[in-house]
Amino acid sequence: MDGVPNLVSSDRPAPCNSAHAMVAASASEHARDRILLRVDLITKQYADQAALLDVTFDIYAGEILGIIGPNGAGKTTLLEAVAGILPVDRGDVHWHGKPLPVWRRHEAIFYLPDGVRPYLEQSVTRVLAFFAGVYRRSADEISHAIESAGLTPVLHKRVHALSKGYARRLMLTVGLLTPHPLLLMDEPLDGFDLRQTREIVDLLRREAVKGRTFVLAIHQLADAERVCDRFILLADGRVRGAGTLSDLRTRTGISDGSLEDIFLALT
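Residues numbered from 1 in each chain as written. Predicted model: local features only at pLDDT ≥ 70, side-chain atom pairs only at ≥ 80, totals over all residues. Heavy atoms only, no water.

## A few points about the pattern of salt bridges
Piece 1. Overall, the coordinates contain 14 salt bridges when judged by the stated rule.
Piece 2. Between R90 and D54 there is a salt bridge, with the nearest N and O atoms lying 3.0 Å from each other. Here the residue R90 occupies a position in strand β4 (residues 90-95), and D54 occupies one in strand β2 (residues 49-60), the gap between them amounting to 36 residues.
Piece 3. As a salt-bridge pair, E199 and R195 come within 2.5 Å of each other at their nearest N and O atoms. (Salt bridge = Lys/Arg side-chain N within 4 Å of Asp/Glu carboxyl O. Helix = DSSP H or I, 4+ residues; strand = E, 2+ residues; numbered from the N terminus.)

This is how it looks when you write it as structure tokens:
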């Protein structure tokens, strides 16, 4: 799943006095190099209602990207479409510049849906042992994932007996055990208090530094501000804004506004 080589079409050399243009071109090329996955014009229609309409954005390698919007905005539909679980009416996904067909997306993308509890009657230890076996993880890697996600106190509990917070920690641990470079996570911070949210945020940032990329669907804007590097603002199945908090403040002219202020201004 290697990326395509950069194709540079340059019939004429750049003028010697175009330093600003050269810097801008260099920055643009660097941004293209960082694009891990591109979502291009994805549209999903239900009868006469568009759940997603021409949704387009880039995901950069090693970032934490937030898909932000209220309930019903299309966040879950978008994650399922990108993961290849939900058929779409039109649109494409590109991996390192190459088309990524639905049947190959499981090789690059791991999707953690909201509210899922695998193997309810099994213990947490058994569930993790199963996934570690599937992905051929060592004992040290399993221990590190368990400790990182704070799952140690409930290892011998059955999955159905876990609290909402620990059920999310279990799914996060499963995600950490996978080899996939891109994790899509639906409402991963729901059910955590402020201290627990900070723990999970710190964990995601440590993993991102190692090179993993996360896309989080979040409806709590304060949580999104704490964890995400960039944001895709989604409302009524349409992208209403995209960029860092600084980018969005510049676009809206709200110099010190919160993400909520910006979202309201753009929707």
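Still more to cover.
## Here we look at helix α2 (residues 75-83)
Piece 1. Among the 9 residues of α2, 7 are classified as buried, and the element is accordingly described as predominantly covered.
Piece 2. All buried positions along α2 are accounted for by K75, T77, L78, L79, A81, V82 and A83.
Piece 3. Two residues or fewer after α2 comes G84, characterised by a positive phi angle close to 90°. (Buried < 20%, exposed > 50% of the residue type's maximum accessible area, 1.4 Å probe, protein only.)

## Here's the deal with the sheet that holds strand β5 (residues 98-99)
Piece 1. Spatially, β2-β1-β4-β5 is the arrangement adopted by the 4 strands of the open sheet, whose pairing is antiparallel. The outermost strands of the open sheet, each flanked by one partner alone, are β2 and β5.
Piece 2. Two strands pair when backbone bridges link them, and strand β1 (residues 35-46) and β4 are joined in this way by 5 bridges, in the antiparallel orientation. Following the sheet pairing, T43 is matched in β4 by R90.
Piece 3. Those strands touched by α2 are β1 and β2, and its axis lies near 65° from that of β2. (Pairing = 2+ DSSP bridges. Contact = heavy atoms within 4.5 Å. Axes fitted to C-alpha atoms, helices over the stretch in contact; angles between N-to-C directions.)

## Points about helix α4 (residues 124-134)
Piece 1. Buried within α4 are the following residues: V124, V127, L128, F131 and A132. The arc that holds the buried residues of α4, viewed along the axis, is 130°, so those residues lie on one side. Exposed residues pointing more than 90 degrees away from the buried face of α4 are listed as R126 and G133.
Piece 2. Those residues of α4 that are buried are in contact with α5 (139-149) and α6 (164-177).
Piece 3. R136 sits one or two residues past α4 and shows a positive phi near 55°. (Arc of directions from axis to C-beta.)

## Things to note about the packing of α5 against α6
Piece 1. Viewed as axis vectors pointing N to C, α5 and α6 meet at an angle of 145°, and their least axial separation amounts to 9 Å. As for the relative orientation of α5 and α6, their crossing is right-handed in sense. On the side of α5, the interface is formed by E141, I142, A145, I146, S148 and A149, while α6 contributes R169, T173, L176 and L177.
Piece 2. Residue composition of the contact of α5 with α6, by class: 6 nonpolar, 2 polar and 2 charged. (Left-handed = near helix turned anticlockwise from the far one by under 90°. Nonpolar A, V, L, I, M, F, W, Y, C, P; charged D, E, K, R; others polar.)

## Brief notes about the environment of D229
Piece 1. Secondary-structure assignment places D229 in the loop between α8 (221-227) and β9 (230-235).
Piece 2. On the accessibility criterion, D229 (32% relative accessible area) is partly exposed.
Piece 3. In this structure the C-alpha to C-alpha distance between D229 and I64, which are 165 residues apart in sequence, comes to 5.4 Å.
Piece 4. The residues contacting D229, other than those within four sequence positions of it, are E63, I64, R205 and T244.
Piece 5. Reaching out from D229, the side chain makes a polar contact with the side chain of R205 at a distance of 3.2 Å. (Polar contact = N/O pair within 3.5 Å; in protein donor to acceptor, adjacent residues only side chain to side chain.)

## Considering the packing of aromatic side chains
The way to describe two aromatic rings as a pair is by their centre distance and the angle between their planes.
Piece 1. Enumeration according to the criterion identifies 3 aromatic pairs in this entry.
Piece 2. For the pair Y119 and F130, a centre-to-centre distance of 5.5 Å together with 70° between the ring planes defines the contact as edge-to-face. Remark: F130 occurs in helix α4 and Y119 occurs in the loop between β6 (109-112) and α4; sequence separation between them is 11 residues.
Piece 3. Between F130 and F131, the aromatic rings sit 5.3 Å apart at their centres with planes inclined by 80°, giving edge-to-face as the arrangement.
Piece 4. Of the residues examined, F131 reaches a relative accessible area of 15% and is grouped as buried. (Phe/Tyr/Trp six-rings, centres within 6.5 Å; stacked < 30°, edge-to-face > 60°.)

## A word on the nonpolar core
Grouped burial of nonpolar side chains is what soluble globular proteins tend to show.
Piece 1. Ranked by internal contacts, the top residues of the largest apolar core, which has 49 residues, are L128, L170, L204, V227, F231, L233 and L259.
Piece 2. Here this core gets 7 residues from one element, more than from any other, and that element is α6.
Piece 3. When residues no more than four places from it in sequence are discounted, the contact partners of L204 are I64, L172, M185, F214, L216 and V227.
Piece 4. If you look at the next biggest cluster of nonpolar residues, it comprises 27 residues, including V39, V55, W95 and Y111. (Core = buried A, V, L, I, M, F, W, Y, C linked by side-chain atoms within 4.5 Å.)

## Observations regarding the sheet that holds β9
Piece 1. Strand order in this open sheet of 6 strands is β6-β7-β8-β3-β9-β10, and the pairing throughout is mixed. The sheet terminates laterally at β6 and β10 (238-243), the two strands that pair on one side only. When strand polarity is set aside, the average angle formed by the axes of neighbouring strands in this sheet is 15°.
Piece 2. Pairing analysis gives 4 bridges linking strand β3 (residues 64-68) to β9, with the strands arranged parallel. For G66, the partnering residue across the bridge sits in β9 and is F231.
Piece 3. Running over the sheet, helix α7 (residues 194-209) touches β3, β7 (182-186) and β8 (213-218) and is turned about 150° from β8.

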